[in-house]
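Chain and residue survey
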Amino acid sequence: MARTIFLLFSLFVAANCDQLSVLFSPKALEFRGHARLDVDSLPDVFGASLGYSVAKPTEWDGLTVRDPFNLANGVVIVVAEGIDSLKLENAHSYELYGGSGSESVSELMHKTADHNGISFEIDLKESSDSFSTPLGNVQPDDDEVQPQYLKAKSNKADADFLRQLAFINGLSDLLVTSTDENIPAVHIVRVSLEALLAAHEPSSLAVAEAKKLLTTALLELQTAAEKAFDGAVVVGLVTSTEAPLVRSKRQAEKPKQGETQDFNIAKKYDSNYPVIFNIILWFSVVLVFSLLAISIAIATMDPGRDSIIYRMTSTRMKKDN
C-alpha cells in the first residue's frame, strides 16, 4: 500500500514539474541532453551564457561553452505561469526541480544589475495600457492575434490572455528597433494562463488554441531577439505551475534627459583577436629566449685565433712570421 502511494505521488510530481525550454542560443553555446536542472542553478545557466561567473559549482551538463570569446549579449526569458510544459519544436527542454522556476528567474536580475546591463522584468497579467521599459514603452499589437475558439468579448479570461499575447507581439517590435546589441541585457516577460485554465477544461479547444497562439508569439519573439542581438542571444521559456510569492518589480534606472549613461562596456574584439594574440605572444617568447641563448653562447666562447670573436674584433690582419 505504501509503495503504491509513493508511486502515485512520484507520478504526480513528475507530471507537475516546471520546465526550461531553450528556443535559441548562439553557436558559442551548446545546449544538449535532457538532464534535470535544480531551479537554484537556473540564474547561473543564463548568467554563464552572458559570461558571468557561476555562484556555485554544479554537476548539470546541459550547457557547454564552445567559444568563450563570442558568448551571448542578451537573454530573453518568457515565464508562462499556470502550465507545466509547452511543446516546442527544435527546443531543448529540461525538467526543473527543487522549487519554483518562476521565482528563480528573478534572481538573474541581480546578476545583470552588478554588470551594468540594461534589463527589465514585466508581468503582463497586470492590467495596463502599456508597459514602460528602458527600451521604451511596450504597446500591444492586437492585429496579429486572430483567435477562433477564444472569445474575448464574452469571456474576460480569454480577453486578458489575448491582451498578454498582444503585448508579447509589441515587445517583439520594440526589440528590433530599440536594442543595442553590444550592451548585455536580460529581458524577463511573465505571462499567465491560470485564469484561462480556470475558465476552460484542460482538454478544450480553447486551451489548445491558447497554447498554439502562445507558441506562435514565442517564435516571433525569438526571431525578433535574433535580429536585435545579431544572433548573440539566448531565448528561453520557463513554465511554472506553482503560484509565485510576492515579488518586487526590478528594472534598470533610466538616465535623466540630456544625461548619457556610462555602462563601462568592454571593447568588442574581432574573432581573430585570440589567434593573432597567441601568434605574437609565443613568437615574442621564442625570440627572447633565442637572443638570450645566443648572448650566453657568445659570452662564454673561447676568444682564440680560430674563433669568430678573434676574426671580427682584430684591428689588423694577423700573419704568421
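These numbers come from a predicted model, not from an experiment. (Residues numbered from 1 in each chain as written. Predicted model: local features only at pLDDT ≥ 70, side-chain atom pairs only at ≥ 80, totals over all residues. Heavy atoms only, no water.)

Regarding the overall build of the protein chain
Along its length, the protein chain carries 9 helices and 11 strands. Counting only residues that meet the buried cut, the protein chain has 41% of its 321 residues in that class. Accessible surface, the protein chain as shown: approximately 19200 Å² in total, 56% of it carbon and sulfur. (Helix = DSSP H or I, 4+ residues; strand = E, 2+ residues; numbered from the N terminus. Buried < 20%, exposed > 50% of the residue type's maximum accessible area, 1.4 Å probe, protein only. Areas by Shrake-Rupley, 256 points an atom, 1.4 Å probe, with all protein chains shown as cover.)

Focus on the pattern of salt bridges
Scanning all chains against the criterion turns up 6 salt bridges. Between Glu81 and Arg190 there is a salt bridge; the shortest N-O distance is 3.3 Å. Of this pair, Glu81 sits in strand S5 (residues 74-81) while Arg190 is found in strand S10 (residues 185-192), placing the two residues 109 residues apart along the sequence. Glu81 gets classed as buried once you look at its relative accessible area, which sits at 0%. Taken together, the salt bridges that share partners define one network made up of Glu81, Glu121, Lys125 and Arg190. (Salt bridge = Lys/Arg side-chain N within 4 Å of Asp/Glu carboxyl O.)

A look at the sheet that holds S5
One open sheet accounts for 7 strands, arranged S3-S6-S1-S11-S5-S10-S7; its pairing is mixed. The open sheet is flanked by strand S3 (37-38) and strand S7 (118-123), the only strands paired with a single partner. Against the sheet, helix H5 (residues 156-178) makes contact with S7 and S10, and its axis sits at roughly 165° relative to S10, the strand it touches most. (Pairing = 2+ DSSP bridges. Contact = heavy atoms within 4.5 Å. Axes fitted to C-alpha atoms, helices over the stretch in contact; angles between N-to-C directions.)

Section: the UniProt feature "transmembrane region" (unreviewed entry) in the protein chain
What UniProt calls "transmembrane region" (unreviewed entry) maps, in this numbering, to residues 279-301. Spanning residues 279-301, this segment combines 91% helix with 0% strand, and its end C-alpha atoms are found 33 Å apart. (UniProt positions renumbered as here; feature names shortened; annotations may be inferred.)

A short note on a nonpolar patch on the surface
A surface patch of nonpolar side chains, about 550 Å² in accessible area, is lined by Tyr269, Tyr273, Phe277, Leu281 and Trp282. Inspection of the secondary structure puts Tyr269 in the loop between strand S11 (233-240) and helix H8 (273-299). Judged by relative accessible area, which is 48%, Tyr269 ranks as partly exposed. (Patch = residues over 30% accessible without salt bridge, like charges linked within 9 Å, V, L, I, M, F, W, Y side chains within 5 Å.)

Description of the packing of aromatic side chains
Scanning all chains against the criterion turns up 3 aromatic pairs. An angle of 80° between the planes, with centres 5.1 Å apart, marks the rings of Trp60 and Tyr94 as edge-to-face. With a gap of 34 residues between them, Trp60 in the loop between helix H2 (42-49) and strand S4 (63-65) and Tyr94 in strand S6 (residues 92-97) connect regions that are remote in the sequence. There is no split in this pair, since Trp60 and Tyr94 are both buried. Ring plane angle 80° and centroid distance 4.9 Å describe the contact between Phe131 and Phe167, whose orientation is recorded as edge-to-face. Residue Phe131 is found in strand S8 (residues 131-133), and its partner Phe167 is found in helix H5; the two are separated by 36 residues along the sequence. There is no split in this pair, since Phe131 and Phe167 are both buried. (Phe/Tyr/Trp six-rings, centres within 6.5 Å; stacked < 30°, edge-to-face > 60°.)

Some words on the side chain of His200
Take His200: it is sitting in the loop between helix H6 (194-199) and helix H7 (205-228). Discounting residues that sit within four places of it in the chain, His200 has contacts with Asn155, Asp158, Ala206 and Val207.

Quick word on the environment of Gln139
Locating Gln139 in the fold gives a position in the loop between strand S9 (136-138) and H5. Gln139 gets classed as partly exposed once you look at its relative accessible area, which sits at 42%. Residues Gln139 and Asn169, spaced 30 residues apart in sequence, show a C-alpha to C-alpha distance of 8.7 Å. Gln139 has contacts with Asp129, Ser130, Ala166, Phe167 and Gly170, leaving out every residue within four places of it along the chain.

Focus on the confidence of the model for the protein chain
Of all residues in the protein chain, 79% attain a pLDDT of 70 or more, and the chain-wide mean is 81. Predicted confidence for residues 244-251 stays below pLDDT 50, and this span has 26 contacts to residues more than four positions away or in other chains. (pLDDT = per-residue confidence, 0-100.)

Brief notes about the pairing of strand S1 (residues 19-24)
Judged by how many residues are buried, S1 sits mostly within the fold: 6 of 6 residues are covered. Bridge analysis of S1 against S6 gives 4 bridges, and the strand direction is antiparallel. Following the sheet pairing, Ser21 is matched in S6 by Ser93. Pairing analysis gives 5 bridges linking S1 to S11, with the strands arranged antiparallel. Residue pairing for S11: Val22 is matched across the bridge by Gly236.

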